[in-house]
Amino acid sequence: MNLQAHPDDLPRHQGQRRQLVELLQSKGISDERVLEAIGLIPRHLFLDSSFEAFAYKDAAFPIRASQTISQPYTVAFQSQMLALPPGSKVLEIGTGSGYQAAVLFAMGYKVYSIERQKELFDFSQRILLPLGVNITQRLGDGYKGMESFAPYEGILVTAAAPDIPKALLSQLSIGGKLLIPVGPEGEEQVMHRIVRKSEKEFERQSLGNFRFVPMLEKVAKGNL
Ligand code: SAH
């Protein structure tokens with residue numbers, strides 16, 4: 001993991017990040033690698049510059065293609081719940097702005113990420129490359145996972161699924177964990193953590209309510 005200093009990441013942003021880290025700690029995030037990663041990744045670069053003032057508030061925010069960058073608490077919570085050793089392979093569904101992927105990378109994971117909207121696939125690459133965030137990105141349908149690099153020790157879904165996609169379960173390593181918000185579109189969803197106990201056995205845990213944009217099927221129209 002070798003992040004590059006960015007000319008638009010100024011001391012005041014670093015100060016705002018320290019405050020955000022303290023806020024997340026007060027909300028119960030205690031994993032040092034998560035806190036350190038949030039302290040390192042310049043979230044303001046993932047928003048259009050006119051919205052910079054909102055970058056270090058603990059809130060979700062609109063990005064392109066009618067999508068949202070997840071709330072920092074949600075990013076931290078999902079990342080903390082993965083609890084895997086550095087070097088583990090983690091697949092993210094829903095690259096969006098690329099922020100969650102950057103946090104996972106800064107935590108020392110080998111990161112793979114899928115996005116169904118071409119605009120966001122391109123946008124996230126433009127931000128991640130100059131930061132030195134080196135991950136494998138694909139334009140595709142997250143319902144199918146990313147078979148070519150499976151199995152994964154962790155799969156983190158950042159869009160709300162109506163139920164648990166079978167392909168994602170099959171791409172987990174034994175002992176691997178899937179974090180996924182499950183529930184209907186437009187309502188709150190329940191975060192699930194599913195651990196693969198053996199080839200056929202999965203253990204499921206509910207971790208509280210969250211609100212995500214929907215996980216939609218197939219690559220978005222006009223994107224191919
Ligand atoms: N992780 C993102 C949050 C993005 S919001 C971030 O840190 O900014 C959810 C994203 O999931 C959106 O970009 C949306 O286009 C994408 N998405 C929805 N359904 C998908 C699917 N089936 N496959 C891949 N991406 C999907």
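As shown above, the structure is provided for reference.
Here we summarise the structure given alongside this text. (Residues numbered from 1 in each chain as written. Predicted model: local features only at pLDDT ≥ 70, side-chain atom pairs only at ≥ 80, totals over all residues. Heavy atoms only, no water.)

**Some details on the site of the ligand**
Here comes step 1: Among the 26 residues in the neighbourhood of the ligand, the closest are listed as Glu-92, Ser-97, Glu-115, Gly-142 and Leu-216.
Here comes step 2: In this structure, Gly-142 approaches the ligand through a main-chain N or O atom, which is 2.7 Å from a nitrogen atom.
Here comes step 3: Protein contacts shield 99% of the accessible area of the ligand, which totals 580 Å² for the unbound molecule.
Here comes step 4: If you map the ligand onto the pockets, it falls in the largest pocket.
Here comes step 5: Elements represented by at least two residues in the shell around the ligand include exactly strand S2 (68-69), helix H4 (99-106) and strand S4 (110-115).
Here comes step 6: Its residues assigned to classes, the shell around the ligand comprises 10 nonpolar, 12 polar and four charged. (Near = heavy atom within 4 Å. Polar contact = N/O pair within 3.5 Å; in protein donor to acceptor, adjacent residues only side chain to side chain. Areas by Shrake-Rupley, 256 points an atom, 1.4 Å probe, with all protein chains shown as cover. 1 Å grid on protein atoms, 1.4 Å probe; cavity = no way out; pocket = protein on both sides within 12 Å on 5 of 7 lines; lining within 4 Å. Sits in = over half its atoms within 2 Å of the grid points. Helix = DSSP H or I, 4+ residues; strand = E, 2+ residues; numbered from the N terminus. Nonpolar A, V, L, I, M, F, W, Y, C, P; charged D, E, K, R; others polar.)

**Examining the layout of surface pockets**
Here comes step 1: Roughly 530 Å³ of volume is contained in the largest pocket.
Here comes step 2: Looking at the lining of the largest pocket, the elements that each hand over two or more residues are S2, helix H3 (72-82), strand S3 (89-93), H4 and S4.
Here comes step 3: Looking at the lining of the largest pocket, its residues break down into 15 nonpolar, 15 polar and five charged. (Points joined across faces, edges and corners; volume = space filled by probe spheres on them.)

**Concerning the environment of Glu-115**
Here comes step 1: On the secondary structure map, Glu-115 appears in strand S4.
Here comes step 2: Once the C-alpha coordinates of Glu-115 and Ala-167 are considered, the two residues, 52 residues apart in sequence, prove to be 16 Å apart.
Here comes step 3: Setting aside residues no more than four positions away along its own chain, Glu-115 makes contact with Gly-94, Thr-95, Gly-96, Leu-120, Phe-121, Arg-138, Leu-139 and Gly-140.
Here comes step 4: Among the polar contacts listed, one links the side chain of Glu-115 to the backbone nitrogen of Thr-95, at a separation of 3.3 Å. (Contact = heavy atoms within 4.5 Å.)

**Brief notes about the packing of aromatic side chains**
Here comes step 1: Going through the model one piece at a time under the given rule, you end up with seven aromatic pairs.
Here comes step 2: Members of the aromatic cluster, connected to one another through ring pairs, are Phe-51, Phe-54 and Phe-61.
Here comes step 3: Its guanidinium or amino end placed over the ring of Tyr-99, Arg-43 lies 5.5 Å from that ring's centre, counting from NZ or CZ.
Here comes step 4: When the ring centre of Tyr-152 is taken as reference, the NZ or CZ atom of Lys-89 above it lies at 5.7 Å. (Phe/Tyr/Trp six-rings, centres within 6.5 Å; stacked < 30°, edge-to-face > 60°. Lys NZ or Arg CZ within 6 Å of the ring centre and 35° of its normal.)

**Some remarks on the side chain of Ser-97**
Here comes step 1: Inspection of the secondary structure assignment puts Ser-97 in the loop between S3 and H4.
Here comes step 2: A residue is classified by how much of its surface remains accessible, and Ser-97, at 4% relative accessible area, is buried.
Here comes step 3: Ignoring sequence-local partners within four residues, the contact set of Ser-97 consists of Phe-46, Ile-63, Ile-69, Phe-123, Ser-124 and Ile-127. (Buried < 20%, exposed > 50% of the residue type's maximum accessible area, 1.4 Å probe, protein only.)

**Some thoughts on the sheet that holds strand S8 (residues 189-196)**
Here comes step 1: Read across the sheet, seven strands follow the order S5-S4-S3-S6-S7-S8-S9 without closing on themselves; strand pairing throughout is mixed. Pairing within the sheet leaves two strands with one partner each, and these edge strands are strand S5 (136-139) and strand S9 (202-210). Shown here is a sheet whose adjacent strand axes are inclined to one another by a mean of 15°, direction ignored.
Here comes step 2: Packing of helix H5 (residues 118-131) onto the sheet brings it into contact with S4 and S5, and relative to S5 it is tilted by some 160°. (Pairing = 2+ DSSP bridges. Axes fitted to C-alpha atoms, helices over the stretch in contact; angles between N-to-C directions.)

**Let's talk about the pairing of S3**
Here comes step 1: In terms of residue burial, S3 counts as a mostly covered element, since five of its five residues are buried.
Here comes step 2: Going residue by residue along S3, you find Lys-89, Leu-91 and Ile-93 tucked away on one face and Val-90 and Glu-92 tucked away on the opposite face as well.
Here comes step 3: Note that S3 and S4 share five bridges and pair parallel. Across the sheet, Ile-93 pairs through a bridge with Ile-114, a residue of S4.
Here comes step 4: With H4 bridging S3 and its parallel neighbour S4, the resulting β-α-β unit is right-handed.
Here comes step 5: For S3 and strand S6 (residues 152-157), the ladder comprises four bridges, and the chain directions are parallel. Each residue of the ladder has a partner; that of Glu-92, found in S6, is Leu-156. (Right-handed = clockwise from strand over helix to strand, strands pointing away.)

**Comments concerning the pattern of salt bridges**
Here comes step 1: Counted by the stated rule, this structure contains seven salt bridges.
Here comes step 2: For Arg-64, the salt bridge is made with Asp-48, and the minimal N-O distance between the two is 3.4 Å. With Arg-64 in the loop between strand S1 (61-62) and S2 and Asp-48 in the loop between helix H2 (32-40) and S1, this residue pair connects regions lying 16 residues apart in the sequence.
Here comes step 3: Between Asp-122 and Lys-118 there is a salt bridge; the shortest N-O distance is 2.9 Å. In this pair, Asp-122 and Lys-118 are both assigned in helix H5, four residues apart and thus about one turn of the helix distant.
Here comes step 4: Lys-118 sits in the partly exposed class, given a relative accessible area of 32%. (Salt bridge = Lys/Arg side-chain N within 4 Å of Asp/Glu carboxyl O.)

All quantities given are derived from atomic positions and should not be read as evidence of function.
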